[in-house]
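Residue strings, one per chain:
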Amino acid sequence: MSEKTITFARKLLLKTMRKNKQILFNAGLSDIIPETAEVRYNDDELIIFDDVRKLSDFSSYKISFNFVFSCMSGRIQFRIGNEQVAIHADQVIVAHSHVTLEDFMTSPDAVCGLLCVNDRVLKEILREQISIWNNALYQRHYAIFEVNPKGRRVWQQMEYALQFEKSIFRQQIVFSMLRAAFLKLCEELLNLTTDDAQNKHDPNSRATLLFHNFLKNIQKRKVKKLHVADYANELCITSKYLSSVCQKVSGKPPIEWIAEYVVQDIAYYLRNTDLSAKEISTELGFPNPSFFGKFVRDHLGCTPTEFRQKAVAGE
């Protein structure tokens, strides 16, 4: 896709979404998959879907599930939070639940599979290895890596498992093969974090688990509380201890993590709705529009209006 084509498509997409205000917060599996889609497997908590080109007209979502995009040919691109990402043939992208997805586009020759799974089932599949997934993704939001021959064989076995449509043990067969596939993904995620000094601690330690729960509590909220004490109370710990945990595990204080996710939500609304700054301020729980405007200038380096203008221009 040329830059000119992408920019035009983006402007058209933004115009359509703003007109219809097509935004879903904490969208479930059924929200993102069109009724006309040919779904390979669907039990309401896990969906495996072949042709992602049918998702090209989807709106902006704050998703409530984890996903794996596997690209066999062509190219797909979309925005996760405030980052534009793209994958091409023989690449996989994985992301955890409660991220925002926007501006989804595919090349005409794109052949990509999509697997979506909610937190409960993913935890059931990965069991004690769920900490590897959380440790790698809750800080970076997503990961992209190449599919090597061994990885391809794992997904081919998954393809084989999906053929048992009439088996009374189909779910168990699919889940068993998924465990193998996700363990392979976890191995890749471990490789990504091996050289990261911030991740050289026990992924099953109390500090790490508290940190992951803190991030999850921020992400799942539509209206995010701005005070560290609110999240510390939810975790039944003191603000001082939460600050110590965040610094130890991530190298960042909790207030920076809170601000990061609030900024993502602000950018999400400014890019995808025609709500005024005052309306967005109210929607996201800011005490007043003045404080909201200052927060945007401090963290985005411009006013809400200026950010929206840049978004429409595709900058």
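Residues numbered from 1 in each chain as written. Predicted model: local features only at pLDDT ≥ 70, side-chain atom pairs only at ≥ 80, totals over all residues. Heavy atoms only, no water.

Draft legend 1. Examining unusual backbone geometry more closely. A positive phi is found at aspartate 44, a non-glycine position, where the angle reads about 75°. Along the chain, the position of aspartate 44 falls in the loop between strand 2 (39-42) and strand 3 (46-49). Phi is positive for arginine 127, which is not a glycine, with a value near 55°. Summarising the element assignment, arginine 127 is placed in the loop between helix 3 (119-126) and helix 4 (130-140). (Helix = DSSP H or I, 4+ residues; strand = E, 2+ residues; numbered from the N terminus.)

Draft legend 2. The pattern of salt bridges, seen in detail. Per the counting criterion, the structure on display carries twelve salt bridges. A salt bridge links arginine 120 to glutamate 45, with the shortest nitrogen-to-oxygen separation between them at 2.7 Å. Placement of arginine 120 in helix 3 and of glutamate 45 in the loop between strand 2 and strand 3 is noted, with a sequence separation of 75 residues between them. According to the relative accessible area criterion, arginine 120 is partly exposed, its value standing at 47%. For glutamate 234, the salt bridge goes to arginine 221, with nearest N and O atoms at 1.8 Å. Separated by 13 residues along the polypeptide, glutamate 234 in helix 8 (residues 228-234) and arginine 221 in the loop between helix 7 (206-219) and helix 8 bring together distant segments of the chain. On the basis of relative accessible area, glutamate 234 is assigned to the partly exposed category, the value being 31%. A network of salt bridges, in which partner residues are shared, links Glu45, Arg120 and Glu124. (Salt bridge = Lys/Arg side-chain N within 4 Å of Asp/Glu carboxyl O. Buried < 20%, exposed > 50% of the residue type's maximum accessible area, 1.4 Å probe, protein only.)

Draft legend 3. Representation of the packing of aromatic side chains in the model. Taken as a whole, this structure holds twelve aromatic pairs when the rule is applied. Geometrically, the ring pair formed by phenylalanine 78 and phenylalanine 104 is stacked, given 5.7 Å between the ring centres and 25° between the ring planes. With a gap of 26 residues between them, phenylalanine 78 in strand 6 (residues 75-80) and phenylalanine 104 in strand 9 (residues 100-106) connect regions that are remote in the sequence. Following the ring pairs from residue to residue traces out a cluster consisting of Phe67, Phe69, Phe78 and Phe104. Over the ring of tryptophan 257 we find lysine 252, and its NZ or CZ is 3.8 Å from the ring centre. (Phe/Tyr/Trp six-rings, centres within 6.5 Å; stacked < 30°, edge-to-face > 60°. Lys NZ or Arg CZ within 6 Å of the ring centre and 35° of its normal.)

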